[in-house]
Amino acid sequence: VQLVIYNSIIVAFMFVISDFDAVQNFLVVGSETCNQDMTNIVLGSWFTFTVITCIFAALKIEPPAPHPDDDDRILVEDQTSPVGFKVPNFPDYPFDQKLLNDERAECCSLRTEIIIGVIPCVLFGFGVVVTGIMEVVSHADKIVAEHMGGDV
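Worth saying up front: this structure is predicted, and the values here are computed from it rather than measured.

Thresholds applied
Residues numbered from 1 in each chain as written. Predicted model: local features only at pLDDT ≥ 70, side-chain atom pairs only at ≥ 80, totals over all residues. Heavy atoms only, no water. Phe/Tyr/Trp six-rings, centres within 6.5 Å; stacked < 30°, edge-to-face > 60°. Helix = DSSP H or I, 4+ residues; strand = E, 2+ residues; numbered from the N terminus. Disulfide = S-S within 2.5 Å. Buried < 20%, exposed > 50% of the residue type's maximum accessible area, 1.4 Å probe, protein only. Axes fitted to C-alpha atoms, helices over the stretch in contact; angles between N-to-C directions. Parallel < 35°, antiparallel > 145°, perpendicular 65-115°, else oblique. Left-handed = near helix turned anticlockwise from the far one by under 90°. Contact = heavy atoms within 4.5 Å. Nonpolar A, V, L, I, M, F, W, Y, C, P; charged D, E, K, R; others polar. Core = buried A, V, L, I, M, F, W, Y, C linked by side-chain atoms within 4.5 Å. Lys, Arg positive; Asp, Glu negative; His and termini not counted. Salt bridge = Lys/Arg side-chain N within 4 Å of Asp/Glu carboxyl O. Expected span 1.5 Å × (residues − 1). Arc of directions from axis to C-beta. Patch = residues over 30% accessible without salt bridge, like charges linked within 9 Å, V, L, I, M, F, W, Y side chains within 5 Å. Areas by Shrake-Rupley, 256 points an atom, 1.4 Å probe, with all protein chains shown as cover.

Draft legend 1. How the structure looks around the packing of aromatic side chains. By the definition in use, this model includes two aromatic pairs. Between the aromatic rings of phenylalanine 15 and phenylalanine 124, the centroid separation amounts to 6.2 Å while the plane-to-plane angle is 85°, which identifies the pairing as edge-to-face. Of this pair, phenylalanine 15 sits in helix 1 (residues 2–18) while phenylalanine 124 sits in helix 4 (residues 110–148), and the two are 109 residues apart along the sequence. With 5.1 Å between their ring centres and 75° between their planes, phenylalanine 47 and phenylalanine 124 make a pair best called edge-to-face. Taken as a pair, phenylalanine 47 in helix 3 (residues 37–60) and phenylalanine 124 in helix 4 lie far apart in primary sequence, 77 residues in all.

Draft legend 2. Expanded view of the state of the cysteines. Per the counting criterion, the structure on display carries zero disulfides. In this structure cysteine 54 is not part of a disulfide, and its nearest cysteine sulfur, from cysteine 121, lies 9.5 Å away. Taking relative accessible area as the criterion, cysteine 54 reaches 35% and is therefore assigned partly exposed. Note on cysteine 121: relative accessible area 4%, which makes it buried.

Draft legend 3. Region of the structure containing the packing of helix 1 against helix 4. It is at 10 Å that the axes of helix 1 and helix 4 come closest, and there the two elements cross at 20°. As judged from the angle between their axes, helix 1 and helix 4 are roughly parallel. The element helix 1 and its partner helix 4 pack so that their crossing is left-handed. Contacts from Gln2, Ile5, Ala12, Phe15 and Val16 of helix 1 reach helix 4 at Glu113, Gly117, Phe124 and Val128. Of the residues assigned to the contact of helix 1 with helix 4, the class counts are six nonpolar, two polar and one charged.

Draft legend 4. Highlighting the nonpolar core. Membership of the largest hydrophobic core is limited to 11 residues, which are Val1, Ile5, Ala12, Phe47, Val51, Ile55, Ile114, Val118, Cys121, Phe124 and Val128. Listing elements by their share of this core, those giving two or more residues are helix 1, helix 3 and helix 4. Considering each element in turn, this core owes the most residues, five residues, to helix 4. Contact partners of isoleucine 55, with chain neighbours within four places excluded, come to Val1, Val4, Ile5, Ile114, Gly117 and Val118.

Draft legend 5. Here's a closer look at the side chain of aspartate 78. The topology assignment puts aspartate 78 in the loop between strand 1 (76–77) and strand 2 (85–86). Within the buried set, aspartate 78 has no salt-bridge partner at all; the shortest N-O distance to an opposite charge, 4.4 Å, is to lysine 86. When near neighbours in sequence (up to four residues on either side) are disregarded, aspartate 78 contacts Gly84, Phe85 and Lys86.

Draft legend 6. Region of the structure containing helix 1. Given a rise of 1.5 Å per residue, 17 residues ought to cover 24 Å, and the 24 Å separating the end C-alpha atoms of helix 1 matches this to within 8%. Looking only at helix 1, the buried set comprises Gln2, Ile5, Ser8 and Ala12. Relative to the axis of helix 1, the buried residues are bounded by an arc of 125° and lie together on one face. Residues of helix 1 that are exposed and angled more than 90 degrees away from the buried face: Leu3 and Met14. Buried positions along helix 1 lie against helix 3 and helix 4.

Draft legend 7. Inspection of a nonpolar patch on the surface at higher detail. On the surface, Ile10, Phe13, Met14, Val16, Ile17 and Phe20 cluster together into a nonpolar patch covering about 580 Å² of accessible area. Structurally, phenylalanine 20 can be placed in the loop between helix 1 and helix 2 (21–27).

See the structure below:
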């Protein structure tokens, strides 16, 4: 779950950076003048639904069970190992236990991690979609005003 959240933050950051005109002009000259409203709506929706799906799908993934006929196991249980297993074919290499960090934060549960991951994802996706919709609406207002003879 944490990996999905970290990766979605990186993708969101890259998406926001790519929306700057200077970055777009650097990547493809003239692309900053293109209409990107539908792209923002579609990608914002896609991003939100994909991240939420990945977060909940990551909860369903279980480690594979060892095959019952497998005599030459890759991992062997070892209570002295920080992860609970060791590879019998590798030599024991001492390392400082203080350098290890727990993958999961001790201050929050898995449910809290999911909430922390889903809320920013939904807010970011909603923001991108609303930005695209507002641009479409403002463009439509200008067209209607031109044809009706009024100012907007």
